[in-house]
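This is what each chain is made of:
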Amino acid sequence: VLFRSDALLLLWDFPGQNILVGGFDEITESSQRIKNNYFGNKSGNINGYSIRDGEGAAFFVLKKEKDSSCYARIVATETIRFGNLKVGSISEELEKMVEKYRLGISDIDYILTGMNGNIVNDEPYINLKKGILAGIPYLFYKHLSGEYFTSSSFAIWCASKMLKTQSVPQIMNYENHVSSKVERI
């Protein structure tokens, strides 16, 4: 699971503490106006599933030391902003990030994407799938949660559940490819 959070910084400063972290969004008239003015209409369609605006909440307890209640672990905490980066630059950033944590691209079992059916948003994911991420099964989730600013909290919950159950819901599988293991998402 890849994400950046101030909560992780707190874990390092206060290692014996449990940290509650999460995100939530609610559809309101003003939030829709801000979203549409800033992003435009990003909704689309993936594999026949319509991606619509959504709202949701997900919260987690993070702790530095593993105990019997733990079933997922955050290994990498980096943010790569696609923005105007070309595919080659994004590939280089991914390789650097993975190497920083002493892993290789081939160590990743699944890629959980923020694909939403909008070609402008999805193009980097699709190009990476043709290049550096070829052969790694892609998963998507926004057809289940909708499109909202903190939908990545839903993605983290999904990834955590997949790690706990050692299974991937077919409805999240982008190309019907499966990995023989569910260890690194």
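Basis of the calculations
- Residues numbered from 1 in each chain as written.
- Predicted model: local features only at pLDDT ≥ 70, side-chain atom pairs only at ≥ 80, totals over all residues.
- Heavy atoms only, no water.
- Helix = DSSP H or I, 4+ residues; strand = E, 2+ residues; numbered from the N terminus.
- Expected span 1.5 Å × (residues − 1).
- Buried < 20%, exposed > 50% of the residue type's maximum accessible area, 1.4 Å probe, protein only.
- Arc of directions from axis to C-beta.
- Polar contact = N/O pair within 3.5 Å; in protein donor to acceptor, adjacent residues only side chain to side chain.
- Contact = heavy atoms within 4.5 Å.
- Patch = residues over 30% accessible without salt bridge, like charges linked within 9 Å, V, L, I, M, F, W, Y side chains within 5 Å.
- Areas by Shrake-Rupley, 256 points an atom, 1.4 Å probe, with all protein chains shown as cover.
- Salt bridge = Lys/Arg side-chain N within 4 Å of Asp/Glu carboxyl O.
- Phe/Tyr/Trp six-rings, centres within 6.5 Å; stacked < 30°, edge-to-face > 60°.
- Lys NZ or Arg CZ within 6 Å of the ring centre and 35° of its normal.
- Lys, Arg positive; Asp, Glu negative; His and termini not counted.
- Core = buried A, V, L, I, M, F, W, Y, C linked by side-chain atoms within 4.5 Å.

(A) Representation of helix α4 (residues 119–130) in the model. Taking 1.5 Å per residue, 12 residues should reach 16 Å; α4 reaches 15 Å between its end C-alpha atoms and fits that length. Within α4 the residues assigned to the buried category are Asn-121, Asp-122, Pro-124, Tyr-125, Leu-128 and Lys-129. One side of α4 holds all its buried residues, which, seen down the axis, span an arc of 145°. Exposed side chains of α4 directed beyond 90 degrees from the buried face belong to Ile-119, Val-120 and Lys-130.

(B) Local environment of the side chain of His-143. Note on placement: His-143 falls in helix α5 (residues 142–145). Overall, His-143 belongs to the buried group, its relative accessible area being 13%. Reaching out from His-143, the side chain makes a polar contact with the backbone oxygen of Ile-171 at a distance of 2.7 Å. Filtering out sequence-adjacent residues up to four positions away, His-143 remains in contact with Tyr-49, Ser-50, Ile-51, Ile-171 and Met-172.

(C) How the structure looks around a nonpolar patch on the surface. Residues Leu-20, Phe-24, Phe-59 and Val-61 make up a contiguous nonpolar surface patch of roughly 460 Å² in combined accessible area. Among the elements of the structure, β1 (19–25) and β4 (56–62) are those that each provide at least two residues to the nonpolar patch. Among the structural elements, Val-61 can be located in strand β4. Judged by its relative accessible area of 52%, Val-61 is exposed.

(D) Layout of the packing of aromatic side chains. Inspection of every chain in the model, using the stated rule, returns five aromatic pairs. With a centroid separation of 6.2 Å and 40° between ring planes, the pair formed by Tyr-141 and Phe-154 is classed as tilted. With a gap of 13 residues between them, Tyr-141 in the loop between β6 (138–140) and α5 and Phe-154 in helix α6 (residues 151–165) connect regions that are remote in the sequence. By the burial criterion, Tyr-141 is buried, and Phe-154 matches it. These aromatic residues form a ring-pair network of at least three members: Tyr-138, Phe-140 and Tyr-174. Stacked on the ring of Tyr-71, the Lys or Arg Lys-164 has its end atom at 4.6 Å from the ring centre.

(E) Layout of the side chain of Asp-122. With respect to the secondary-structure elements, Asp-122 resides in helix α4. Buried and without a salt bridge, Asp-122 has Lys-142 as its closest oppositely charged side chain, separated by 7.3 Å. A distance of 2.9 Å separates a polar side-chain atom of Asp-122 from the backbone nitrogen of Asn-116. At 2.9 Å, the side chain of Asp-122 forms a polar contact with the side chain of Asn-121. Setting aside chain neighbours within four positions, we find Asp-122 in contact with Ile-46, Met-115, Asn-116 and Gly-117.

(F) α6, seen in detail. Under the 1.5 Å per step criterion, the end-to-end length of α6 is 21 Å for 15 residues, consistent within 8% with the ideal 21 Å. By the burial criterion, the buried members of α6 are Ser-151, Ser-153, Phe-154, Ala-155, Ile-156, Cys-158, Ala-159, Ser-160, Met-162 and Leu-163. Looking at the packing, one finds that the buried side of α6 touches β1, β4, β5 (111–113), β6 and α5. Among the residues trailing α6, Gln-166 stands out with phi positive, at a value near 55°.

(G) Focus on the nonpolar core. In terms of nonpolar packing, the biggest core is built from 16 residues, with Leu-94, Ile-111, Leu-128, Leu-133, Ile-136 and Tyr-138 touching the most fellow members. If you list the elements that add at least two residues to this core, you get α3 (87–100), α4 and β6. Among the elements that make up this core, the one with the highest residue count is α3 (four residues). Core analysis: the second largest hydrophobic core is formed by 13 residues, Leu-139, Phe-154, Ala-155 and Ile-185 among them.

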